[in-house]
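# Topology and contacts: notes
Each chain, letter by letter, is given below.
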Amino acid sequence: MRVLLVEDDIQLGQTLETALRLEQYAVDWLRSGEPVRATLRATPYDLLILDLGLPGVPGMQVLRQLRADKHTLPVLLLTARNTVADKVDGLDSGADDYLPKPFDMDEVFARIRSLLRRGSDRTVSRLEVAGIVLDPVERVVEFDGASLDLTAREFAILEILVRNAGRFVSRPRLEEGIYSWGEEIGSNTVEVYISRLRKRFGSERIETMRGVGYRIPT
Ligand code: CA
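Keep in mind that this is a model prediction, so the values were computed, not measured.

Within strand β3 (residues 47-51), five of the five residues are buried, leaving the element largely enclosed by the surrounding structure. Both faces of β3 are covered, namely the face carrying Leu-47, Ile-49 and Asp-51 and the face carrying Leu-48 and Leu-50. Pairing between strand β1 (residues 2-6) and β3: four bridges, direction parallel. Counted as the bridge partner of Leu-5 is Ile-49 from β3. When β3 meets strand β4 (residues 75-79), the two strands line up parallel, connected through four bridges. In the strand pairing of β4, Asp-51 is matched with Leu-78. You can see the chain leave β3, run along helix α3 (residues 59-68) and come back into β4, and the turn it takes is right-handed.

So, in structure tokens, the structure goes:
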């Protein structure tokens with residue numbers, strides 16, 4: 001799951017970024033609202049966490065623009081203001097949930113799971129293909145009826161392949177799913193994870209087409 005965080009407060013931004021990564025979300029953090037539109041066009045996200053009080057373009061304007069652009073991704077608003085009018089305004093503008101500052105990190109995670117669970121069309125609760133059952137929100141994988149412990153990146157790669165079952169997925173697309181901005185991508189990283197996944201699920205479950213990518217055949 002990939003989260004776009006828009007927060008100008010450096011300390012809060014760092015706290016959220018670190019906490020979300022520990023919860024095994026891929027996180028990209030923007031300090032202002034201006035680049036949000038272009039960022040969402042360039043990269044698929046599962047959730048937007050948006051601060052309302054931003055320098056330059058205010059969060060509410062970012063939100064309205066996003067909905068005007070027909071983006072359906074779930075939006076969790078963060079704000080220091082906590083009046084009923086603000087809350088109604090935010091929800092009316094297309095936010096899915098609203099969290100007044102200060103908040104508890106467990107509360108953030110609970111809201112995120114709930115949003116992802118009921119969230120956009122991309123998010124279904126359980127995905128099933130070739131004997132692999134994957135729950136993207138709870139981050140649970142079962143294979144042949146037994147649950148498996150995967151690392152965050154193994155899980156991220158598997159999730160992309162399962163979501164695209166039957167279709168080849170390119171290496172850059174897989175890299176995008178496991179790295180946040182600023183992290184260096186090793187040249188054979190995807191191959192390493194694919195090979196680990198093959199050990200778990202059997203090599204026939206992930207096909208390689210040279211120069212094209214990888215797929216789980218259906
Ligand atoms: Ca702020």
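There's more to say after this.
Glancing now at the side chain of Glu-159. With respect to the secondary-structure elements, Glu-159 resides in helix α6 (residues 152-163). Beyond its immediate chain neighbours, meaning those up to four positions away, Glu-159 contacts Met-1, Leu-134 and Pro-136.

With that settled, consider helix α1 (residues 10-22). Note on helix geometry: an α-helix contains 3.6 residues per turn, so any two residues three or four positions apart are oriented the same way. Compared with the 18 Å implied by 1.5 Å per residue over 13 residues, the 18 Å span of α1 between its first and last C-alpha is a close match. Within α1, the full set of buried residues consists of Leu-12, Gly-13, Leu-16, Glu-17, Ala-19 and Leu-20. Those residues of α1 hidden inside the fold are in contact with β1, β2 (26-30), β3, β4 and α5 (105-118). Here α1 starts with a cap whose side-chain oxygen sits 3.0 Å from the backbone nitrogen of Gln-11, and that cap is Asp-9.

Another aspect to go through is the domain arrangement of the chain. Partitioning the chain into structural domains gives domain 1 (2-121) and domain 2 (124-215). Look at where the C-alpha atoms of domain 1 and domain 2 centre, and you get two points 26 Å apart. With 19 residues of domain 1 at the interface, the matching set in domain 2 holds 13 residues. Across the domain 1/domain 2 interface, buried area totals approximately 1300 Å², and carbon plus sulfur atoms make up 45% of it. It is Arg-2, Gln-24 and Arg-117 that lose the most area in domain 1 upon contact with domain 2, and together they represent 40% of the buried surface on that side.

This part covers the pattern of salt bridges. Working definition: two side chains of opposite charge can pair if their charged atoms are close together. Inspection of the entire model under this criterion finds 18 salt bridges. Arg-139 is the partner of Glu-23 in a salt bridge, and the nearest nitrogen-oxygen pair spans 3.8 Å. Of this pair, Glu-23 sits in the loop between α1 and β2 while Arg-139 sits in the loop between β7 (132-135) and β8 (140-143), and the two are 116 residues apart along the sequence. A relative accessible area of 25% places Arg-139 in the partly exposed class. Salt bridges sharing partners connect three or more residues here, namely Glu-7, Asp-51 and Lys-101.

What follows is about the pairing of β2. In terms of burial, β2 is a largely internal element, five of the five residues being buried. Side-chain alternation along β2 places Ala-26, Asp-28 and Leu-30 on one buried face and Val-27 and Trp-29 on a second face that is also buried. Pairing geometry for β1 and β2, over five bridges, is parallel. In the strand pairing of β2, Leu-4 is matched with Asp-28. Regarding topology, α1 serves as the crossover connection from β1 to the parallel β2, and that connection is right-handed.

What counts and how
- Residues numbered from 1 in each chain as written.
- Predicted model: local features only at pLDDT ≥ 70, side-chain atom pairs only at ≥ 80, totals over all residues.
- Heavy atoms only, no water.
- Buried < 20%, exposed > 50% of the residue type's maximum accessible area, 1.4 Å probe, protein only.
- Helix = DSSP H or I, 4+ residues; strand = E, 2+ residues; numbered from the N terminus.
- Pairing = 2+ DSSP bridges.
- Right-handed = clockwise from strand over helix to strand, strands pointing away.
- Contact = heavy atoms within 4.5 Å.
- Expected span 1.5 Å × (residues − 1).
- Polar contact = N/O pair within 3.5 Å; in protein donor to acceptor, adjacent residues only side chain to side chain.
- Domains from an automatic or database assignment.
- Buried area = accessible area lost by both parts, 1.4 Å probe.
- Salt bridge = Lys/Arg side-chain N within 4 Å of Asp/Glu carboxyl O.

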